[in-house]
Amino acid sequence: AADKITVGALRFTSHSPTFIAFEKGYFKDEGLEVELKFFQAAQPIAVAIASGDIDFGVTALSGAFYSLADKGALKVIGGLMAEKKGAPGNMILASNKAYEAGLKTPADLKGKSWAMTQQGSSFHYMAGIIAKSNGFAVTDMKLKPLQKVGSMIGALKSGQVDAMAIVPHIASALARGGAAKIIGKIQDLSDYQVTTIFTSTENTTDNRDVVARFMKAYAKGIADYDAVMQNQAKNPAATDAMVNLIHKYVYASKPIAKAAPSIKAGAVYLNSGAALNVGDVANQLAWFQEHKLAPATLTIEKMVDASFVKTIK
Amino acid sequence: MPPFFYLVAVFMDLHLNNISHAYDNIEVLSEIYFRIEAGQIVCIIGPSGCGKSTLLRFIGGLERPNSGEVLLIGEPPKESLNPLTYIFQDFALLPWRTVRGNISLVLEDHGIRGKGANAIIDDVLARTKLSDFGDALPRQLSGGMKQRVAIARALSVRPACLLMDEPLSALDSQTRELLMDDLIELWIREKYTACYVTHNLNEAVRLGHKVVVLSRRPGKIREIVEIDIPLEERQEHSGLLQEKQNYLWDLMREEAMAADQELNQ
Amino acid sequence: MPPFFYLVAVFMDLHLNNISHAYDNIEVLSEIYFRIEAGQIVCIIGPSGCGKSTLLRFIGGLERPNSGEVLLIGEPPKESLNPLTYIFQDFALLPWRTVRGNISLVLEDHGIRGKGANAIIDDVLARTKLSDFGDALPRQLSGGMKQRVAIARALSVRPACLLMDEPLSALDSQTRELLMDDLIELWIREKYTACYVTHNLNEAVRLGHKVVVLSRRPGKIREIVEIDIPLEERQEHSGLLQEKQNYLWDLMREEAMAADQELNQ
Amino acid sequence: MSDQKPVVTNPVPFRGGGFSPKPMKIVAPILFVIVIAIWESGSRLGWISPIVLPAPSEALTAFLDLVNSGQLTLHLKASLQRLVIGWTAGTLLGVTFGVAAGLFTMARGGIVPFVAAIFPIPKIALLPLFIIWFGIGEESKVATILFGTFFPTVITVYGGIDNVDRGLIRMGQSFNLNWWSIVWKIILPGALPAILSGFRISASIAIILLVAAEMIGAEYGIGAYVLLAGNLMAMDQLVAGVAMLSVLGLTVSWIIGRAEKYFLRWRV
Amino acid sequence: MSDQKPVVTNPVPFRGGGFSPKPMKIVAPILFVIVIAIWESGSRLGWISPIVLPAPSEALTAFLDLVNSGQLTLHLKASLQRLVIGWTAGTLLGVTFGVAAGLFTMARGGIVPFVAAIFPIPKIALLPLFIIWFGIGEESKVATILFGTFFPTVITVYGGIDNVDRGLIRMGQSFNLNWWSIVWKIILPGALPAILSGFRISASIAIILLVAAEMIGAEYGIGAYVLLAGNLMAMDQLVAGVAMLSVLGLTVSWIIGRAEKYFLRWRV
Ligand SMILES: Nc1ncnc2c1ncn2[C@@H]1O[C@H](COP(=O)(O)OP(=O)(O)OP(=O)(O)O)[C@@H](O)[C@H]1O
Ligand SMILES: Nc1ncnc2c1ncn2[C@@H]1O[C@H](COP(=O)(O)OP(=O)(O)OP(=O)(O)O)[C@@H](O)[C@H]1O
Ligand SMILES: [Mg+2]
Ligand SMILES: [Mg+2]
């Protein structure tokens, strides 16, 4: 009989491989009976894995994740979205007001205010990347936790914060609408491993076989996605088919005509084969620990089980 | 003991012009027509539930009859703080104010505070024998004491016309006597106007210049009995008064019997 | 008209043993000692605020005196649903229940519902002349009607001993007469026990086997006046009764005068 | 009567009445229409930035999309079920504990401080705990709403009981009513105005908490729809979702209004 | 009297009393100690998973760290200031609108449905709007608390006013008291029990909303502390923060309890 597993997901385009592998039966092919559980935020996925309610999840590395990993509850087993030069990636935006006042490059961000969701979030870390590569401390920026992407955008547009970083399709939409100015890209500053695939520590020891099969199926999903969505112009028919598939899960309450542009624009780069950039993960951990956002006792060995995928150095 | 000095003599008649009223199809009052002349005490008697309290509410302008009107002929005197003043059947004391507070409530709005108010309050409390209970809350009072607070409160605003709804019903006979004597003495001096609802026929004949006898519900005027003896001389005419009282008694008895027959039909 | 048949004759005495009480340092009752013998009506009279209602609450077990006790000698009869039943001075009707609902309230707990309850309710409403108002809410009733509902409710539970706190104070003289006559007639047939607080001395001498006269606050027993004439013969002895009434009047007057002097000291 | 000056005749001035507002059905619709009209024209004229507040017409389009996608009933069904179960359970528990706190010294000593200590804890902060305790199924969602309903209900119920006329309770005792009868027939009806007013609050809180509840593994539900719209920055959907919550609130308020009219008809 | 059987003599059975719980100071501390003791030993014995619920002692350590870092006063000061301003403003507005809805037909027709429609909207969903309207400074934080306080206050106030004895109002009118006096001296004191009970609810909601308020660009504040702890899954700090909110709630409840004792001493 098939092994039953539960996968936590967010209704974002960046979770598309999950939907593709599910819809195209890649999980079934591996003998996995998958149940999808939808969440509205990433953090509960991590908690639900720690509590054993679900088996696999995808999320950015954040303070909560390190904390749970430190308690031995879960482990990173693969990489997903990453910053790669030339591929779509997070952009740095300046508010019109700040731009006028001379904020033209990431190097000018010293002393400026920066919108992020929360302390210890990926947006916080991206501020760290900018600070590091321009030779100032992240505390030299005025960090404004605003909890929600929507709030960040609102604050940026109304000029209440000077800058922020955001996924490409939102960034270009804002720039196109004249609501903000793009002043740089994260990929120019770092090979940031943005999101990772993770599971419970128990699975990596007791159910290695299941984990391996899951990763195999997942890698197929990534391959399909990258093949089509990174080359949308070349094969419009395949693109439409994939957009249709994703639309079942993302923007489902909007008609396809309205949803398609957002889905298409939201195509970010995903590591093929779910390869994991262990070096960058180690860098991230070090940065979080340095800023007291991760437990000092956590080590990269305790947090990562890189035996299921290729690693990038 | 000093006499009441708060009531104010007036030249102000009240004219009840053909008043009828019904609550949700229950006819309560029908074609009530009489006049309360300035300086007169009009007593209203009638069976329980015949509409006396309702009528009193109309007279004081607290409710409006379905048809007919109450006219005020002449002007209320300036000295009176509240020309038409009620003493309610259910006392209507604010439970969160002390006895003194309940009285000062009706003075504050006229700018009477502090010493002025205290003097008035002390006086009306003394008259109603409540001096010891100025700081008691209503829940600490007996039924009769609550009624006396309601009387004290009404007296404190120098009414030109008192609208009293069984004001002595919860009092023992002696306290009642004393307050009756006070009311009479006061009238002799001040000639105030009053409309006095009572169940006590003896009170009615001792105090009333006119006794309006209402029939059972719907209350109609059964008869208006005039008592011509001046209030100051009534003690000397106890025989005559007793006659009047007996006459009222018979009137009421007929009412009751008629009601009984209706019921047993 | 059928006589009351709900009250239950009993062999149960109530013995008040040296009762004293104070509310927050205000002495209210002092060394009250008397007995309510089975089948006797004991009337309590006394100045307003002397502690009559308080005493009644002690007798019915609703409150406990600071010292002394009320003893029940003998056993209440089985037929009585609620041996010691109150008629409260302030009526205590539930505003959210109709007149019928207020009566059925006290029957439901004894498993009397539906037809059985309706028969009882119809009967007590007829006695108190409220048949037309069974479905009225308390706010739609006049003061006297509320009091009659309270009486009807008390009668519905076949009390062995009635504890009545000025039960007729809000009623007109005729209704009062009728209900008094009913109470007397009923006693003649059923010989129920009662403790009757009143301000009406005439009621006291017509109804009481004993009249307990309380002094002003703190209420002490001023005198206990026995009236030996059997209830059924009292109408024939109106002279004697008038004498008793005058005697009570004088007692009360002395009390009032003493109080007055105290106040004016 | 003085005959120097002419006699003035006036009806007795009417001093009563007032202080008894009647429900007036017409005001609210007019008000809503005005607000929506201003908003719509504000959006069209560009006074209101479309990124943060789309025009009502856009929200309506989003709503119609939702209807056409056939998901509306799924969302509604999921949310209503959670609401009804959570609110009912929270209310029953709340009334029980409220009555206990209203009647027993011991219970009051324990319940009042306990409620005071636990009520102010934000449910959102406890989501991780809820996941551990109740899992990611319906239980944790219902529990969130249950907790949100429970505390205000306890407070209004014991507040209402404190306000019941003790004279009526003594009357009940004097007729030897048993304890249950006194509670059921005297105390609860007496506290009912306060309890119903509390229901207005607890129902609104329950609706608010739909969003918090559906943060955890909810596939369908109006809260999930709103959250997702927020995450995806789809402001038209967000407004449509919020409007659904509003309509839900209006419906509940209307039901409670009917209940008040029926149960409190004994009041003036 | 029957002389067949011996005469039974008993005191009249006492039927009164009861139904008036007194505050009992001792129960709550005992209860709290027991709960904490069970929790601590549960944690130590491993019954309670340390992943989500640390032992109270660990939370205490986290709290002491906070105290020693000197940041406690900063957090407390920031939060208290927001609470006091937001709650006071919300309450004043709420009482004003509640009184209007309680007295005027027109106002009721508008306010009641409006409150029913707006109250159920989760503040968190509207955070982006709040930022546009009120910025990311103190205004938006105070506004969040203000809105959270306003709606329940309106509901309790008009509910309380509906319950004031109309007979007392008629009395006031019969003495020609002016409108303000009637409202101030008769209606508000009569509604006070309900209003104070409503304060318990609105104060708790205000504390809950500290977290939502401090979501927006707050550097200091207990809510911000709790949020950060939650983000980092630092459960010991989270519990310490939540405990601070609880203590705040207890303090407010105690203050309202004193106020009730003082202002409602006229009740039995
Ligand atoms: N709950 C209470 N707290 C404090 N004092 C009280 C309380 N109840 C009654 N009293 C006081 O006890 C005294 C007696 O009250 P009670 O009601 O027994 O008088 P009463 O004889 O029935 O008077 P009335 O004829 O006016 O009804 C009064 O002086 C009253 O102030
Ligand atoms: N608000 C009301 N709604 C409906 N009916 C009412 C209302 N108020 C009074 N009634 C009815 O009006 C009639 C007269 O009531 P009212 O209080 O005037 O009587 P009353 O003569 O004062 O009686 P009592 O001597 O018993 O006080 C009663 O039959 C009563 O049922
Ligand atoms: Mg009347
Ligand atoms: Mg009394």
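Bear in mind that the values here come from a model prediction, so they are computed numbers and not experimental data.

Trainee: Would you take a moment to explain the coordination of the magnesium ion (ligand 4) for this structure?
Mentor: When a metal holds four donors in a tetrahedron, each ideal angle between them is 109.5 degrees; when it holds six in an octahedron, the ideal angles are 90 or 180 degrees. All names here are of chain C. For the magnesium ion (ligand 4), every protein donor is listed as Ser53 (OG) and Gln89 (OE1), and the spread of their distances is 1.9 to 2.3 Å. Taken as a pair, serine 53 in helix 1 (residues 52-59) and glutamine 89 in the loop between strand 5 (84-87) and helix 2 (99-108) lie far apart in primary sequence, 36 residues in all. Residue class for serine 53 comes out buried when judged on its relative accessible area of 18%.

Trainee: Explain the site of ligand 1 to me, please; I cannot follow it from the model alone.
Mentor: Taken together, 22 residues lie around ligand 1, and B:Gln140, B:Ser142, C:Lys52, C:Ser53 and C:Thr54 are the ones closest in. Residues lining ligand 1 come from chains B and C. At a separation of 2.6 Å, an oxygen atom of ligand 1 approaches a polar side-chain atom of B:Ser142. C:Lys52 has a polar backbone atom sitting 2.6 Å from an oxygen atom of ligand 1.

Trainee: Just to check I follow, could you spell out helix 1 of chain C for this structure?
Mentor: Helical geometry: 3.6 residues make up each α-helical turn, so side chains three or four residues apart lie on a common side. Residue and element names in this part refer to chain C. Taking burial as the measure, the 8 residues of helix 1 include 7 buried ones, the bulk of the element. Along helix 1, the residues classified as buried are Lys52, Ser53, Thr54, Leu55, Leu56, Phe58 and Ile59. At the C-terminal side of helix 1, glycine 61 shows a positive phi close to 80°.

Trainee: I tried to follow the interface of chain C and chain B on my own but got confused; where do I start?
Mentor: How big an interface is tends to be stated in terms of the accessible area lost upon association of its parts. The partner chain B presents 35 residues to the 35 residues of chain C that form the contact. Together chain C and chain B conceal approximately 2,800 Å² of surface at their shared face, both sides included; 53% is due to carbon and sulfur atoms. Of all residues in chain C, the largest losses of buried area upon contact with chain B belong to C:Ser48, C:Gln174 and C:His199, amounting jointly to 20% of the total for that side. Two residues, C:Asp132 and B:Arg217, come together in a salt bridge whose shortest N-O distance is 3.8 Å. Where chain C touches chain B, the interface holds 14 residue pairs in polar contact (both at pLDDT 80 or more). Every element with two or more residues in the side of chain C that touches chain B is listed here: helix 4 (143-156), helix 5 (173-190) and helix 7 (238-264) of chain C. Top element by residues in the side of chain C that touches chain B is helix 7 of chain C. It accounts for 6 residues. In terms of residue class, the side of chain C that touches chain B is built from 13 nonpolar, 12 polar and 10 charged.

What counts and how
Residues numbered from 1 in each chain as written. Chains lettered and ligands numbered in written order. Predicted model: local features only at pLDDT ≥ 70, side-chain atom pairs only at ≥ 80, totals over all residues. Heavy atoms only, no water. Donors = N, O, S within 2.8 Å, 3.2 Å for Na, K, Ca; no water. Helix = DSSP H or I, 4+ residues; strand = E, 2+ residues; numbered from the N terminus. Buried < 20%, exposed > 50% of the residue type's maximum accessible area, 1.4 Å probe, protein only. Near = heavy atom within 4 Å. Polar contact = N/O pair within 3.5 Å; in protein donor to acceptor, adjacent residues only side chain to side chain. Contact = heavy atoms within 4.5 Å. Buried area = accessible area lost by both parts, 1.4 Å probe. Salt bridge = Lys/Arg side-chain N within 4 Å of Asp/Glu carboxyl O. Nonpolar A, V, L, I, M, F, W, Y, C, P; charged D, E, K, R; others polar.

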